[in-house]
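Next come the chains, spelled out residue by residue.
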Amino acid sequence: MTRLIIKGGTVVDPVAGKLFQADVTVVGDRIAHIGKAPADKDATVVDARGCLVLPGLIDMHVHLREPGYEYKETIATGAAAALRGGFAAVCAMPNTRPVCDSAAVVGFVLERGKAAGRARVYPVGALTRGSEGKELAPLGEMRAAGAVAFSDDGRWVRNGNLMRRAMEYAAMLGAPVISHCEDPDLSAGGVMHEGVTASVLGLRGMPAAAEEVAVARDIILAALTGCHLHIAHVSTAGAVRLIREAKARGVKVTAEVTPHHFTLTDEAVKGYNTNAKVNPPLRTPADVAALKEGLADGTIDVIATDHAPHAREEKEVEFDAAPFGMVGLETAVGLTMALVREGVLTLPQLAAKLTTNPARILGFEGGLLREGAPADITLIDPELEETVEPECFASKSGNTPFAGWRLKGLPVGVVVGGRWFAVRPRVATGRRTRDKK
Ligand SMILES: [Zn+2]
Ligand SMILES: [Zn+2]
């Protein structure tokens, strides 16, 4: 069996909440030993000095666009972008064409993910047929085929009774329901956050209430059904408050935020920058502060990217006509490491939000560095800096508002099932080099 030694790094343990120096020895596809590795001249050795060694990062919310929109992204390019972003696993949302609402499409996504041989790709099944919100999708069939969660992401299930049935069914199947909380009547016609900036720009706004009304209903249904509700891309202070209060009451609810929502405000839209057009929209400084507070106090469990690739031509149109969404896989770690330097998160908390918590929510075996656990590992160099250049992305698309930003703290390698992928060059002397030009 192949042996791999990650040597001399700083292991980040999200459970014990501490850091320690250790070698990590991988045999086959499992972690065999954590501690000083014995001399082994046949093993592949990765010099991890100066690096943080985390359980393999998991992004539980990405859009890979295949089947149907391969010109934006394919499962293979998305899985490569995931690796370059430091992720060992991603969960693909079902809004493809056809929608992932059957065992056949679930099987297709799994198969394409395996064939790509990069980050692991897990399918999320649709809650309703065609995500049309009219009748339930065959959740049991999809679960048996390998769906890890259910969601009509992009479209809130407007019919409360249908959502109730879906949650009851998902609870029986032991799978979480991921909700894109947006009351479409309240947000109708909106293209950015409703507020001063929208008024100045003359753009139609989406009020924070559109999100909060939906969060409140879904929390009430989670309490009714006992279903595990996971709230996608929380963006408002009011939503954070509702989730915090529901958790205190013992409702089974978890939540995620994206790096763009905790980094940017609606002012990023100034100049009609379509790369900052995203749904839910970028909000106010007070919302950003509330998201950070929610991350720090544990109200927000997960950081996920909502990676949403779009072709250049689609974004190079007037603001109203441009599609919502931005890519996120390849900037997520750099943007999240800024929270550690700011003192919002500790490194073990960062590891919890990017790997342990998503693993727990999805029922994955990963998310922990333990002897016997699957060998999914991410190496981050906290000092490595890079300027974001969308032309260098492994993703097919480059729709990011972070182009030209200088990010610090970047992934240098990922182990997936015992297989090592170097994602940024480091030379043996420990001198850092820049990413490929
Ligand atoms: Zn969404
Ligand atoms: Zn999404």
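Note on numbering: residues in each chain are counted from 1, in written sequence order. Whichever chain is written first is A, and whichever ligand is written first is 1; the rest continue in order. Two thresholds apply to this predicted model, a pLDDT of at least 70 for residue-level local features and 80 or more for giving and counting side-chain atom pairs, whereas whole-chain, interface and lining totals are computed over all residues. For side-chain calculations, the full set of non-hydrogen atoms in the structure is used, while hydrogens and water are omitted.

Undergrad: Can you help me understand the overall build of the protein chain in this one?
TA: In this text, helices come from DSSP runs of H or I with a minimum length of four residues, and strands from runs of E with a minimum of two, each type numbered from the N-terminal end. Regarding its fold elements, the protein chain presents 13 helices and 18 strands. Both definitions apply: the radius of gyration is a C-alpha atom measure, and the globule rule equals 2.2 Å times residues to the power 0.38. For 437 residues, the compact-globule estimate of 2.2 N^0.38 gives 22 Å, and the C-alpha radius of gyration of the protein chain, at 21 Å, lies within 12% of that figure. Taking the principal axes of its C-alpha atoms as reference, the protein chain extends roughly 65 × 50 × 40 Å. Each residue is placed in one exposure class: buried if its accessible area under a 1.4 Å probe, protein chains only, is under 20% of its type's maximum, exposed if it is over 50%, and partly exposed if it falls in between. When burial is assessed residue by residue, the protein chain has 60% of its 437 residues classed as buried. Surface accessibility follows the Shrake-Rupley procedure with a 1.4 Å probe radius. Residue values consider only the protein chains on display as shielding. For the protein chain, the accessible surface area stands at approximately 16400 Å², while carbon and sulfur atoms represent 53% of it. Treating the 50 positive side-chain charges of the protein chain as one cloud and the 51 negative ones as another, the clouds have centres 4 Å apart. Under the convention used here, Asp and Glu are negative, Lys and Arg are positive, and both His and the chain ends fall outside the count. For charged residues, the charge sits on one atom: NZ in Lys, CZ in Arg, CG in Asp, CD in Glu.

Undergrad: Please explain the nonpolar core as it appears in this structure.
TA: If you look at soluble globular proteins, the nonpolar side chains tend to sit buried side by side. By convention a nonpolar core is built from buried Ala, Val, Leu, Ile, Met, Phe, Trp, Tyr and Cys residues, the set being connected through side-chain atoms within 4.5 Å. The biggest cluster of nonpolar side chains holds 77 residues, and the ones touching the most others in it are Ile219, Ile231 and Val234. Two domains each provide a minimum of three residues to this core, namely domain 1 (3-53 + 374-430) and domain 2 (56-366). Working rule for contacts: check all heavy atoms of both residues, and any pair within 4.5 Å makes them a contact. Setting aside residues up to four positions removed in sequence, Ile219 forms contacts with Leu229, Ile231, Leu242, Ile243, Ala246, Arg249, Val251 and Val253. By size, the runner-up hydrophobic cluster in this structure holds 38 residues, among which are Val46, Leu384, Phe402 and Leu410. Here the bounds of each domain stem from an automatic or database domain assignment.

Undergrad: I tried to follow the UniProt feature "domain: Dihydroorotase catalytic" (unreviewed entry) in the protein chain on my own but got confused; where do I start?
TA: UniProt positions are given in the numbering used here, feature names are shortened, and annotations may be inferred rather than shown by experiment. The positions UniProt marks with the feature "domain: Dihydroorotase catalytic" (unreviewed entry) are residues 51-236. The annotated region residues 51-236 carries 39% helix and 19% strand content, and the separation between its end C-alpha atoms amounts to 34 Å.

Undergrad: Any chance you could explain the coordination of the zinc ion (ligand 2) here in plain terms?
TA: When a metal holds four donors in a tetrahedron, each ideal angle between them is 109.5 degrees; when it holds six in an octahedron, the ideal angles are 90 or 180 degrees. Here the term donor refers to an N, O or S atom within 2.8 Å of the metal (or 3.2 Å for Na, K and Ca), and because water is left out of the atoms, sites may appear incomplete. Around the zinc ion (ligand 2), the protein contributes the donor atoms His61 (NE2), His63 (NE2), Asp153 (OD) and Asp306 (OD), at 2.0 to 2.2 Å from the metal centre. Tetrahedral means four donors with every angle between 85 and 135 degrees, whereas square planar (four donors) and octahedral (six donors) require angles over 155 degrees between opposite donors and between 65 and 115 for all others; sites fitting neither are termed irregular. The site at the zinc ion (ligand 2) holds 4 donor atoms, and with the angles between them running 86 to 170°, its shape is irregular. For the zinc ion (ligand 2), the donor residues sit on a single chain with the sequence spacing H-x1-H-x89-D-x152-D. Here the zinc ion (ligand 2) and the zinc ion (ligand 1) are spaced 3.5 Å apart, and both take Asp153 as a donor. Of this pair, His63 sits in the loop between strand 6 (57-62) and helix 1 (75-84) while Asp306 sits in the loop between strand 15 (302-303) and helix 11 (312-315), and the two are 243 residues apart along the sequence. Judged by its relative accessible area of 8%, Asp306 falls in the buried class.

Undergrad: Quick question: what am I supposed to make of the sheet that holds strand 15 here?
TA: The strands that make up a sheet pair up through hydrogen bonds in the backbone, lying either parallel or antiparallel. When DSSP locates at least two bridges between a pair of strands, those strands are taken to pair. The sheet built from 8 strands is open, its strands ordered 6-7-8-9-10-13-14-15 with parallel pairing. Each having just a single partner strand, strand 6 and strand 15 make up the two edges of the open sheet. Two elements, strand 7 (residues 87-92) and strand 8 (residues 120-125), share 4 bridges in a ladder whose sense is parallel. Each bridged residue has a counterpart across the sheet, and for Val90 the counterpart in strand 8 is Val121. To define axes, lines are fitted to C-alpha atoms, for helices over the stretch in contact only, and angles between the resulting N-to-C directions are given on a 0 to 180 degree scale. Against the sheet, helix 13 (residues 347-362) contacts strand 6, strand 7, strand 9 (149-151), strand 13 (229-231), strand 14 (253-257) and strand 15, and its axis sits at roughly 65° relative to strand 6.

Undergrad: Looking at this structure, how should I read the UniProt feature "active site" (unreviewed entry) in the protein chain?
TA: Those residues carrying the UniProt feature "active site" (unreviewed entry) are Asp306 in this numbering. Asp306 has contacts with His61, His63, Asp153, His233, Thr258, Asn279 and Met326, leaving out every residue within four places of it along the chain. Polar contacts, as counted here, are pairs of nitrogen or oxygen atoms within 3.5 Å of one another; within protein the pair requires one atom able to donate a hydrogen and one able to accept it, and residues that are adjacent in sequence qualify only if both atoms are side-chain atoms. Side chain to side chain, Asp306 and His63 meet in a polar contact 2.9 Å long.

Undergrad: Looking at this structure, I do not really get the packing of helix 4 (residues 160-173) against helix 7 (residues 208-225). What am I missing?
TA: Where helix 4 contacts helix 7, the axes come no closer than 10 Å and their chain directions differ by 45°. If you check the angle between helix 4 and helix 7, you find them oblique. Relative to helix 7, the crossing made by helix 4 is right-handed. For the pair helix 4 and helix 7, contact is made by Gly160, Met163, Arg164, Met167, Glu168 and Ala171 and by Arg217, Asp218, Leu221, Ala222, Leu224 and Thr225, respectively. Per-class residue counts for the contact of helix 4 with helix 7 are 6 nonpolar, 2 polar and 4 charged. For this classification, under 35 degrees means roughly parallel, over 145 means roughly antiparallel, 65 to 115 means roughly perpendicular, and everything else is oblique. Put simply, a crossing is left-handed when the front helix is turned counterclockwise from the back one by less than a right angle, and right-handed when it is turned clockwise. Following the grouping adopted for this structure description, the nonpolar residues are Ala, Val, Leu, Ile, Met, Phe, Trp, Tyr, Cys and Pro, the charged ones are Asp, Glu, Lys and Arg, and the polar ones are all others, Gly among them.

Undergrad: I tried to follow the pairing of strand 6 on my own but got confused; where do I start?
TA: The side chains of a regular strand alternate between both faces of the sheet. Most of strand 6 sits out of view: 6 of its 6 residues are buried. The pairing of strand 6 with strand 7 spans 4 bridges and is parallel. The residue of strand 7 that forms the bridge with Asp59 is Val90. With the strands pointing away from the viewer, any crossover whose connection runs clockwise from the first strand over the helix to the second is right-handed. With helix 1 bridging strand 6 and its parallel neighbour strand 7, the resulting β-α-β unit is right-handed.

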